[in-house]
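# Structural overview
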Amino acid sequence: MLAYAVDELKVKHVIVTGHLRCGGATACHVAASQPSDPAALGTPLGRWLEPLTSLARERTYTLEELVEVNVKKQVANIANTDTIRNAWKRGQEVWVHGWVYDIPDGRIRDLGVSVGGLQK
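So, a few notes on the structure that sits alongside this text. The structure presented is a predicted model; accordingly, all values stated were derived computationally and were not measured.

## Re helix H4 (residues 44–58)
Along an α-helix, residues three or four positions apart point the same way, because every turn accommodates 3.6 residues. Between its first and last C-alpha atoms H4 spans 23 Å; for 15 residues at 1.5 Å apiece the expected length is 21 Å, and the two agree. All buried positions along H4 are accounted for by Gly-46, Leu-49, Leu-52, Thr-53, Leu-55 and Ala-56.

Listed below in C-alpha cells is the structure:
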C-alpha cells in the first residue's frame, strides 16, 4: 500500500500515528516485565507485537514513552524503505511524520520527527 500511495498516487505526507491507551502497547509493556513466552511468538498476534515487546524490554519506559518511541522507530523504518528512498532519488516530495493521538483529550501531538521533503 505504501508503494501504491507514493508511486502512483504521489502522496506527499505519510503519517505514522500511535495512540495512548493502546491495548497492544499495554500488552507489550506488561509482557516486557515477564519471561518470554515462546508459544506466544507462534501466534499471528504474538509475531505482530514482538517488535514492540522487544523495544519495551530494552529499558524501562512508561506506557506513553513506549508509544512515542515506537512511533519514532516506525518513522525511521518507513523513511528507510525502498519506496520512500526511491521517491526521494526521483526528486519526489514525500514527508514521513510521527504523531501520537491522545484518545482521552482528542488531541494529536506532533513528535517533531518528520523527515523528507525533496531529498536526493
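Right, picking up where we left off after that structure.
## Overview of the pattern of salt bridges
Across all of its chains, the model carries four salt bridges by this definition. Ionic pairing is found between Lys-12 and Glu-93, a salt bridge with its closest N-O pair at 3.9 Å. Taken together, the positions of Lys-12 in the loop between helix H1 (2–8) and strand E1 (13–19) and Glu-93 in the loop between helix H6 (82–89) and strand E2 (94–102) put the pair 81 residues apart, joining distant regions of the chain. On the basis of relative accessibility, which here comes to 29%, the residue Glu-93 falls in the partly exposed class. Ionic contacts of the salt-bridge type, sharing partners, join the residues Glu-64, Glu-68 and Arg-109 into one network.

## Brief notes about the nonpolar core
Core analysis: the largest hydrophobic core is formed by 24 residues, its most contacted members being Ile-84 and Val-94. Elements represented by at least two residues in this core include exactly E1, helix H2 (23–31), H4, helix H5 (63–79), H6 and E2. Among the elements that line this core, the one with the most residues is H5, at five residues. Setting aside its immediate chain neighbours within four residues, Ile-84 contacts Leu-2, Val-6, Val-14, Ile-78, Ala-79, Val-94 and Val-96.

## Quick word on a nonpolar patch on the surface
A cluster of nonpolar side chains, contributed by Tyr-101, Ile-103 and Ile-108, occupies part of the molecular surface with about 260 Å² of accessible area. Relative to the helices and strands, Ile-108 is located in strand E3 (residues 107–110).

## A word on the side chain of Thr-83
Structurally, Thr-83 can be placed in helix H6. Owing to a relative accessible area of 17%, Thr-83 belongs among the buried residues under this scheme. Beyond its immediate chain neighbours, meaning those up to four positions away, Thr-83 contacts Leu-2, Ala-3, Val-6 and Asp-7.

## Topic: the side chain of His-97
Relative to the helices and strands, His-97 is located in strand E2. Beyond its immediate sequence surroundings of up to four residues, His-97 is in contact with His-13, Val-14, Ile-15, Val-16, Val-75 and Ser-114.

## Regarding unusual backbone geometry
Backbone geometry at Lys-10 places phi at a positive 60 degrees, although glycine is not the residue there. Along the polypeptide, Lys-10 turns up in the loop between H1 and E1. Among the residues examined, Lys-10 registers a relative accessible area of 46% and is labelled partly exposed. Backbone geometry places Arg-21, a non-glycine residue, at a positive phi of 65 degrees.

So, how was this worked out
- Residues numbered from 1 in each chain as written.
- Predicted model: local features only at pLDDT ≥ 70, side-chain atom pairs only at ≥ 80, totals over all residues.
- Heavy atoms only, no water.
- Helix = DSSP H or I, 4+ residues; strand = E, 2+ residues; numbered from the N terminus.
- Expected span 1.5 Å × (residues − 1).
- Buried < 20%, exposed > 50% of the residue type's maximum accessible area, 1.4 Å probe, protein only.
- Salt bridge = Lys/Arg side-chain N within 4 Å of Asp/Glu carboxyl O.
- Core = buried A, V, L, I, M, F, W, Y, C linked by side-chain atoms within 4.5 Å.
- Contact = heavy atoms within 4.5 Å.
- Patch = residues over 30% accessible without salt bridge, like charges linked within 9 Å, V, L, I, M, F, W, Y side chains within 5 Å.
- Areas by Shrake-Rupley, 256 points an atom, 1.4 Å probe, with all protein chains shown as cover.

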